[in-house]
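Fold and geometry: a report
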Amino acid sequence: MILEQYYIECLSHASYLIGDESTGRAVVVDPRRDITEYLSDAKKYGLTIEGVINTHFHADFVSGHLELVDATGAWIGFGEAAETDYPIRRLSDGEKLSLGEVELEILSTPGHTWESISVLVREHAGAVPAAVLTGDSLFIGDVGRPDLVNLGDGSTSDLARAMYHTVHEKLLTLPDEVVVMPAHGAGSSCGKNLSTELTSTIGEQRATNPSVQPMSEDDFVALVTEGQPAAPSYFSVDAAMNKRVHPLLVQDRTIPELNPEQVKAELEAGTRVLDARSVDDFAAGHLRGSVNVGFDGRFAETGGMVAEVGEKIVLITYPGEEQDAAVRLARIGSDGAAGYLTVDRDGAFPTELADLIEAAPRTTVEELDRLLAADAVTLVDIRNPGEREFGTIPGAVPIPLAQLRTRLDQVPVGKPIVVHCAGGWRSSVAASLLRAQGFGNVTDLLGGYNAWSESHVPA
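Remember, it's a predicted structure, so these values are computed and weren't measured experimentally. (Residues numbered from 1 in each chain as written. Predicted model: local features only at pLDDT ≥ 70, side-chain atom pairs only at ≥ 80, totals over all residues. Heavy atoms only, no water.)

1. With respect to the nonpolar core
Soluble globular proteins tend to pack their nonpolar side chains together in the buried interior. Formed by 48 residues in total, the largest nonpolar core has its most connected members in F299, L315, L404 and L434. Of all the elements in the fold, those that place two or more residues in this core are helix 6 (234–241), helix 9 (299–306), strand 16 (313–317), helix 10 (322–331), strand 17 (337–342), helix 13 (401–404), strand 22 (417–420) and helix 14 (425–436). Setting aside residues no more than four positions away along its own chain, L434 makes contact with L404, L408, V411, I417, V419, F439 and V442. If you look at the next biggest cluster of nonpolar residues, it comprises 20 residues, including Y164, V180, I202 and V221. (Core = buried A, V, L, I, M, F, W, Y, C linked by side-chain atoms within 4.5 Å. Buried < 20%, exposed > 50% of the residue type's maximum accessible area, 1.4 Å probe, protein only. Helix = DSSP H or I, 4+ residues; strand = E, 2+ residues; numbered from the N terminus. Contact = heavy atoms within 4.5 Å.)

Structure follows, in structure tokens:
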């Protein structure tokens with residue numbers, strides 16, 4: 001049995017290649033759009049990819065099933081409740097798929113979405129399962145949230161109740177030694193308490209996962225429907241893309257380098273400019289109107305929060321990061337990266353752009369305290385609801401970063417604005433977005449809530 005996990009930090013996403021050495025037959029589970037790694041490993045192991053299984057309709061990225069079908073002729077499998085614009089193989093509960101010696105068994109595991117399935121992997125028919133690929137049903141440390149963009153005819157409570165039965169009547173009935181391999185890890189908006197561990201076992205989760213401990217169904221529903229991260233607006237776009245035929249990602253595509261005059265022209269035309277440099281370098285100097293989405297953070301997901309999927313984008317990156325940045329955006333369906341400008345780590349922009357460079361002001365905790373005491377500032381808290389449960393700065397207006405672009409009309413005006421997150425990365429995104437959208441006198445809090453709470457004990 002060959003079982004490879006492919007994990008990308010930028011989206012906290014895991015996909016899998018399952019193959020049988022004796023027959024050379026393989027399937028890929030929950031693939032991303034850039035598929036060269038799957039194809040390369042399949043060739044290395046002497047495998048033919050004959051099927052692509054999606055455990056559910058993903059919302060945080062565009063799945064690579066169409067790209068794999070184009071490259072290999074594979075079939076596409078979904079749970080029975082799935083409805084698509086392209087031909088699929090409907091996989092029913094208890095159905096067994098043979099790759100030769102290796103056997104896969106489909107488990108219907110609704111709760112994150114109605115069509116959600118998990119995949120049991122056995123080294124040979126009749127053996128104790130070696131692993132279960134749980135999609136977004138059972139995570140390491142949590143369970144999947146009821147997916148707001150895939151509700152269908154139900155409600156979040158209906159999905160949560162389905163998840164309760166999935167967990168206790170399907171997944172926790174598996175032997176303790178079965179390895180748990182989910183589709184997402186820490187940082188994903190598909191759950192709220194995901195671990196940084198990439199695999200676990202059913203036994204470990206039974207003992208340590210707070211969401212699967214013995215409790216009533218009503219208590220479980222309350223647990224999994226409260227305090228979830230705000231879902232970015234692009235989730236609904238990606239979920240819809242995954243249900244229909246859409247343009248394929250060109251696997252070897254590159255975006256062109258732009259000269260200073262071309263960058264100026266794009267700025268004047270209102271093109272979205274994403275600056276992928278660090279928060280500190282962006283603060284020291286950036287192009288007026290650009291939005292700071294650092295390549296050192298959740299670049300793809302955050303890019304989808306500040307720009308429409310398909311919107312034309314110009315990238316500002318450090319040398320050597322420009323093509324990877326374009327690929328990361330393409331993973332969420334944002335194929336509009338039109339070109340790039342690189343800036344060395346010394347922060348020197350071309351002299352032709354000198355008149356467009358400005359610094360990003362930042363506010364210290366001490367300065368914020370003075371402004372709040374004088375009622376001379378509007379404070380915006382862009383953290384997720386679950387984060388705010390642990391403490392807030394009094395008077396802050398809560399608007400999660402994922403919703404900021406669509407809730408600009410709810411940002412109070414008339415006073416200087418200070419934006420804060422937990423540590424300072426997301427607040428740079430938010431403050432630069434507000435400035436790019438025409439808000440004046442906007443800064444972000446240096447060190448974020450963490451710095452504020454350290455100087456206000458007890459917070």
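Read on for the rest.
2. Examining the sheet that holds strand 16
Read across the open sheet, the 4 strands follow the order 15-13-16-17; overall the sheet is parallel. The sheet terminates laterally at strand 15 (291–292) and strand 17, the two strands that pair on one side only. Here strand 13 (residues 272–275) pairs with strand 16 via 4 bridges, running parallel. Paired with V273 across the strands is V314, a residue of strand 16. (Pairing = 2+ DSSP bridges.)

3. Re empty space enclosed by the protein
Empty space left among the atoms is revealed by rolling a probe the size of a water molecule over them. Tallied over the full model, the rule gives 2 cavities of 30 Å³ or more. Space inside the second largest cavity adds up to approximately 50 Å³. Considering the residues around the second largest cavity, the lining is formed by Q5, Y7, A14, I140, P182, H184, G185, S195, E197 and L198. Of the residues contributing to the lining of the second largest cavity, the split by class is 5 nonpolar, 4 polar and 1 charged. (1 Å grid on protein atoms, 1.4 Å probe; cavity = no way out; pocket = protein on both sides within 12 Å on 5 of 7 lines; lining within 4 Å. Points joined across faces, edges and corners; volume = space filled by probe spheres on them. Nonpolar A, V, L, I, M, F, W, Y, C, P; charged D, E, K, R; others polar.)

4. Examining helix 5 (residues 217–225)
Residues of helix 5 that are buried: F220, V221 and V224. For helix 5, the angular spread of the buried residues around the axis is 100 degrees, confining them to a single face. Of the surrounding elements, those touching the buried residues of helix 5 are helix 3 (156–169). Looking at the residues trailing helix 5, positive phi occurs at G227, about 70 degrees. (Arc of directions from axis to C-beta.)

5. Details of the packing of aromatic side chains
This model, assessed by the stated rule, comprises 6 aromatic pairs. Residues F57 and F78 carry aromatic rings whose centres are separated by 4.7 Å and whose planes lie at 35 degrees to one another, so their mutual orientation is tilted. Of this pair, F57 sits in the loop between strand 4 (48–53) and helix 2 (65–72) while F78 sits in strand 5 (residues 75–79), placing them 21 residues apart in sequence. Across the pair, F78 and F57 agree in class, each one buried. Measuring from centroid to centroid gives 5.4 Å for Y164 and F220, while their planes differ by 65 degrees, and the two rings are edge-to-face. You can see Y164 sitting in helix 3 and its partner F220 sitting in helix 5, a full 56 residues away along the chain. Just above the ring of F295 sits the side chain of R328; from NZ or CZ to the centre is 4.0 Å. (Phe/Tyr/Trp six-rings, centres within 6.5 Å; stacked < 30°, edge-to-face > 60°. Lys NZ or Arg CZ within 6 Å of the ring centre and 35° of its normal.)

6. As for the pairing of strand 13
Going residue by residue along strand 13, you find R272 and L274 tucked away on one face and V273 and D275 tucked away on the opposite face as well. Relative to strand 15, strand 13 is paired through 2 bridges, and the arrangement is parallel. Residue L274 lies in a different strand from strand 15, and its bridge partner there is V291.

7. As for the side chain of H58
Secondary-structure assignment places H58 in the loop between strand 4 and helix 2. H58 sits in the buried class, given a relative accessible area of 1%. Looking at H58, its side chain comes within polar contact range of the side chain of D30, at 2.8 Å. Excluding its chain neighbours within four sequence positions, the residues that come into contact with H58 are D30, S63, A183, H184, D238, A239 and N242. (Polar contact = N/O pair within 3.5 Å; in protein donor to acceptor, adjacent residues only side chain to side chain.)

8. Considerations on the sheet that holds strand 5
Judged by pairing direction, the sheet is mixed, and its 6 strands sit side by side in the order 1-2-3-4-5-6 without closing on themselves. Two strands lie at the open edges of the sheet, namely strand 1 (2–8) and strand 6 (89–91), each paired on one side alone. Mean inter-strand twist for the sheet, computed between neighbouring axes without regard to direction, equals 25 degrees. As judged from the 5 bridges shared by strand 3 (residues 25–29) and strand 4, these two strands associate in the parallel manner. Opposite V28, over in strand 4, you have V52 as the bridge partner. (Axes fitted to C-alpha atoms, helices over the stretch in contact; angles between N-to-C directions.)

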